[in-house]
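The primary structure of each chain is shown beneath.
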Amino acid sequence: MSKVDIETVKRLQKYDSATIQNAAIRVRGYVDESEDYTGPELKCFNDGGATVIGYAVTAEVQPLNIPGKILDWNEYYDELANSDFPLISILKDIDNPSGRGASFGDVMAYRHVALGVSGVVIDGSLRDLEGIKEAKCPIWAKGRVPGHGPFNLVSLGKTLEVSGLKISHGDLLVCDQDGITNIPLNYAEEISRVCEDVRKDESNSKDVFSSKDFDYESWRNKDKEY
């Protein structure tokens, strides 16, 4: 799994997903949204919604029906336990119908936190939300249900589509209340530095618009970023 310098990750941690997405546009231009950020179906269930950054560990699950191929859950947990850098666990429910059974609960939350996972993204449903919060496990999902069936692990390490975003094993992700932005590894260091420029420009614009001396015609005729 490729990774960027830990100092770059620490710098990125200071910014929200929207600021990082704006910085990425300045650095590498626009890309298709499927390579950039998640859609509105994915919800943040964290109180306060702190920003979480980590490398994706991708897995497919079936919480209701028994699949033709079943992997040992230890393969997944070994992947989490043997990492020395921050991880975001990505669990995609591929059942039919997707989301009808829960793919994550409070006991799993405690286990993930114990293994050092920074956050969990469920392309499907969760349950036991209060217990997940008690475990202090940052969590994103599409909805909530109270139960599941046999619940099996189907695959590990595949590229997945999660709420409109393609996520590959090892991608660097930033997650917060707005959703998830994919940080391209080859641009991560430059993006981490440009984030401060984005924040300063936005702050200047807010100052202009909130000033009692704001004049539309003067603003209209100036070069401006926002």
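To be clear, the structure that these remarks concern was listed above.
Note that this is a predicted model, so its numbers are computed, not measured. (Residues numbered from 1 in each chain as written. Predicted model: local features only at pLDDT ≥ 70, side-chain atom pairs only at ≥ 80, totals over all residues. Heavy atoms only, no water.)

1. Brief notes about the pairing of strand β3 (residues 87-93)
Cut-off, in case you're wondering: The buried label applies to any residue whose accessible area, calculated with a 1.4 Å probe on protein chains only, is under 20% of its type's maximum; exposed applies above 50%, and partly exposed to all values in between. Helix numbers and strand numbers start at the N terminus; a helix is a DSSP run of H or I with at least 4 residues, a strand a run of E with at least 2. By definition, two strands form a pair when at least two bridges between them are found by DSSP. The handedness rule is simple: strands pointing away from the viewer, and a clockwise path from the first strand over the helix to the second, make the crossover right-handed.
With 7 of its 7 residues buried, β3 lies for the most part within the structure. A two-sided burial pattern is seen for β3, the buried positions comprising L87, S89, L91 and D93 on one face and I88, I90 and K92 on the other. Across 7 bridges, strand β2 (residues 52-62) lies against β3 in parallel orientation. Paired with E60 across the strands is K92, a residue of β3. Tracing the backbone out of β2, into helix α3 (residues 73-81) and back to the parallel element β3 gives a crossover that is right-handed. Sheet topology note: the β3/strand β4 (residues 119-123) ladder contains 5 bridges and is parallel. Among the inter-strand pairings, K92 is bridged to a residue of β4, identified as D123. Regarding topology, helix α4 (residues 106-114) serves as the crossover connection from β3 to the parallel β4, and that connection is right-handed.

2. A word on the packing of helix α2 (residues 17-28) against helix α6 (residues 188-210)
Here is the rule we go by: Here the axes come from fitting lines to C-alpha atoms, over the contacting stretch only for helices, and the angles between their N-to-C directions go from 0 to 180 degrees. With respect to orientation, any angle under 35 degrees is reported as roughly parallel, any angle over 145 as roughly antiparallel, any angle of 65 to 115 as roughly perpendicular, and every other angle as oblique. Residues are treated as being in contact if the distance between any of their heavy atoms lies within 4.5 Å.
Two elements in contact, α2 and α6, have axes separated by 8 Å at closest approach and are oriented at 110 degrees. By the criterion of interaxial angle, the relationship of α2 to α6 is roughly perpendicular. Side by side, α2 and α6 meet where T19, I20, N22, A23, A24, R26 and V27 of the first sit next to E190, I191, V194, C195, D197, V198, D201 and E202 of the second.

3. Regarding the environment of E7
Tracing the sequence through the fold places E7 in helix α1 (residues 6-12). The partly exposed category is assigned to E7, whose relative accessible area is 39%.

4. Describing the pattern of salt bridges
To be explicit about the condition: Salt bridges are defined as contacts in which a side-chain nitrogen from Lys or Arg sits within 4 Å of a carboxyl oxygen from Asp or Glu.
Summed over all chains, the structure comprises 14 salt bridges. Notably, a salt bridge pairs E60 with K158, separated by 3.4 Å at the nearest N-O pair. Of this pair, E60 sits in strand β2 while K158 sits in the loop between β8 (152-156) and β9 (160-162), placing them 98 residues apart in sequence. With relative accessibility at 45%, the residue K158 sits in the partly exposed group. Where salt bridges share partners, they join K92, D123, K142 and E161 into one cluster.

5. Overview of the side chain of S17
Relative to the helices and strands, S17 is located in helix α2. If we skip the residues at most four places from it in the chain, S17 touches V174, D176, D178, G179 and T181.

6. Thoughts on the nonpolar core
Basically, it comes down to this: Side-chain atoms within 4.5 Å are what join buried Ala, Val, Leu, Ile, Met, Phe, Trp, Tyr and Cys residues into a set we call a nonpolar core.
I20, Y76, F104, I139 and I191 are the most contacted members of the largest nonpolar core, which totals 45 residues. Each residue touching I20, except ones within four places of it in the same chain, is listed here: L12, Y15, I53, V174, I183, I191 and C195. Formed by 14 residues, the second largest nonpolar core is a distinct cluster that contains V52, V121, V162 and I180.

7. Re the pairing of β8
The element β8 is largely enclosed, with a buried count of 4 among its 5 residues. The pairing of β2 with β8 spans 4 bridges and is classified as antiparallel. Across the sheet, the residue bridging to V61 is L153, located in β8.

8. Some remarks on unusual backbone geometry
Along the chain, N96 connects to P97 via a cis peptide bond; the corresponding omega equals 5 degrees. Secondary-structure assignment places P97 in the loop between β3 and α4. The phi torsion at K136 lies on the positive side, around 60 degrees, for a residue other than glycine. Along the chain, K136 falls in the loop between α5 (129-134) and β6 (139-141). Relative accessible area serves as the criterion here: at 67%, K136 is assigned to the exposed category. With a phi close to 50 degrees, S163 is a non-glycine residue in the positive phi region. Overall, the relative accessible area of 4% leaves S163 in the buried class.

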